[in-house]
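An overview of the molecular structure
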Amino acid sequence: MKTLKLVFTTSLLLGSITFASAQFGGNGMNNGMGMGARNQQRMQNPNNFGRNEKSAEEIEKERAENIDKTVEFLKTELKLDELQIIVIRKEIETSSKKIYAVVKNDEISEEDKTKEIEAISEKTDTTINTFLNAEQKEKYKKFIENKKENLNKLKEKRSR
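These numbers come from a predicted model, not from an experiment.

**As for the overall build of the protein chain**
What the protein chain contains, in helices and strands, is eight helices and zero strands. When the helices and strands of the protein chain are placed in sequence order, the string is α-α-α-α-α-α-α-α. Counting only contacts in the protein chain whose residues sit at least 6 apart along the sequence, the fraction spanning at least 24 positions is 67%. Carbon and sulfur atoms form 51% of the exposed surface of the protein chain, whose accessible area is close to 9700 Å².

Structural data, given as structure tokens:
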């Protein structure tokens, strides 16, 4: 579960928006416990039921804030024009919705979810690149490389 949360976080930084953290109460599936453990914990302590759960409105608000932050960052770093801002925002919003659908799908394994989210992120990055000029593409490429490097460092740290 920690890996899945990490992929979500990285997806956000790679130009895709994720709100898995919001879905799971902001702490990545209750500190790494799966749904069975969460449900068992609720049964053992019914007074704690729902305490860490966010409403649909809170999740949507957080998702919108994350999109705004990502677009603002890209706008500043890549010096995007207004048309680029519009199409890139739309692509990130679409990606966010697809990632949310993957996260909510209980019929696929966490490993498959991770793979699907990575595929969505790659497609988003490719699409964003089509709207960038040569200089912006180079900056975006470096940005992506830095984020992947940070992801790998975080994976190593968490696996220890």
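Still more to cover.
**Focus on the pattern of salt bridges**
Evaluated as defined, the whole model comprises eight salt bridges. In this structure, glutamate 110 and lysine 113 form a salt bridge, with 3.6 Å as the shortest nitrogen-oxygen distance. Of this pair, glutamate 110 and lysine 113 both sit in helix α7 (residues 110–130), three residues apart, which is roughly one turn of the helix. We classify glutamate 110 as partly exposed; its relative accessible area is 29%.

**Regarding the packing of aromatic side chains**
All chains considered together, the criterion is met by two aromatic pairs. Centroid distance phenylalanine 73 to phenylalanine 143: 5.2 Å. Interplanar angle 40°. Geometry classified as tilted. Taken together, the residues span a long stretch of sequence, with phenylalanine 73 in helix α5 (residues 56–78) and phenylalanine 143 in helix α8 (residues 134–159) at a distance of 70 residues. Between the aromatic rings of tyrosine 140 and phenylalanine 143, the centroid separation amounts to 6.1 Å while the plane-to-plane angle is 35°, which identifies the pairing as tilted.

**Description of the packing of α7 against α8**
Running from N to C, α7 and α8 point in directions that differ by 160°, and their axes come no closer than 10 Å. Judged by the inter-axis angle, α7 sits roughly antiparallel to α8. Remark: the crossing between α7 and α8 carries right-handed chirality. Every residue of α8 that contacts α7 at Glu122, Asp125, Ile128 and Asn129 is listed here: Lys137, Tyr140, Ile144 and Lys148. Grouping the amino acids of the contact of α7 with α8 by side-chain chemistry returns three nonpolar, one polar and four charged.

**Describing the nonpolar core**
In this structure, Leu74, Leu80, Ile88, Ile92, Leu132 and Tyr140 are the most contacted members of the largest nonpolar core, which totals 13 residues. Of all elements in the fold, only α5, α6 (82–104) and α8 reach the threshold of two or more residues within this core. Of the residues forming this core, the biggest block, four residues, is contributed by α5. Beyond its immediate chain neighbours, meaning those up to four positions away, leucine 132 contacts Leu78, Leu80, Gln84, Ile88, Lys137 and Tyr140.

**Focus: the packing of α5 against α8**
Axis separation between α5 and α8 bottoms out at 10 Å; the angle between their running directions is 125°. In terms of orientation, α5 lies oblique with respect to α8. Taken as a pair, α5 and α8 cross one another with a handedness that is right-handed. Between α5, through Phe73, Leu74, Glu77 and Leu78, and α8, the contact on the second element is made entirely by Gln136, Lys139, Tyr140 and Phe143. Within the contact of α5 with α8, the residues separate by chemical class into five nonpolar, one polar and two charged.

**Focus on the environment of lysine 97**
Counting through the fold element by element, lysine 97 comes out in helix α6. On the basis of relative accessibility, which here comes to 53%, the residue lysine 97 falls in the exposed class. For the pair lysine 97 and arginine 63, spaced 34 residues apart in the sequence, the C-alpha separation amounts to 9.5 Å.

**Notes on α8**
When the terminal C-alpha atoms of α8 are compared, their 37 Å separation across 26 residues agrees well with the 38 Å that a helix rising 1.5 Å per residue should span. All of the buried residues along α8 are Gln136, Tyr140, Phe143, Ile144, Lys147 and Leu151. The N-cap residue of α8 is asparagine 133: its side-chain oxygen and the backbone nitrogen of glutamate 135 are 3.1 Å apart.

About the criteria used
Residues numbered from 1 in each chain as written. Predicted model: local features only at pLDDT ≥ 70, side-chain atom pairs only at ≥ 80, totals over all residues. Heavy atoms only, no water. Helix = DSSP H or I, 4+ residues; strand = E, 2+ residues; numbered from the N terminus. Contact = heavy atoms within 4.5 Å. Areas by Shrake-Rupley, 256 points an atom, 1.4 Å probe, with all protein chains shown as cover. Salt bridge = Lys/Arg side-chain N within 4 Å of Asp/Glu carboxyl O. Buried < 20%, exposed > 50% of the residue type's maximum accessible area, 1.4 Å probe, protein only. Phe/Tyr/Trp six-rings, centres within 6.5 Å; stacked < 30°, edge-to-face > 60°. Axes fitted to C-alpha atoms, helices over the stretch in contact; angles between N-to-C directions. Parallel < 35°, antiparallel > 145°, perpendicular 65-115°, else oblique. Left-handed = near helix turned anticlockwise from the far one by under 90°. Nonpolar A, V, L, I, M, F, W, Y, C, P; charged D, E, K, R; others polar. Core = buried A, V, L, I, M, F, W, Y, C linked by side-chain atoms within 4.5 Å. Expected span 1.5 Å × (residues − 1). Polar contact = N/O pair within 3.5 Å; in protein donor to acceptor, adjacent residues only side chain to side chain.

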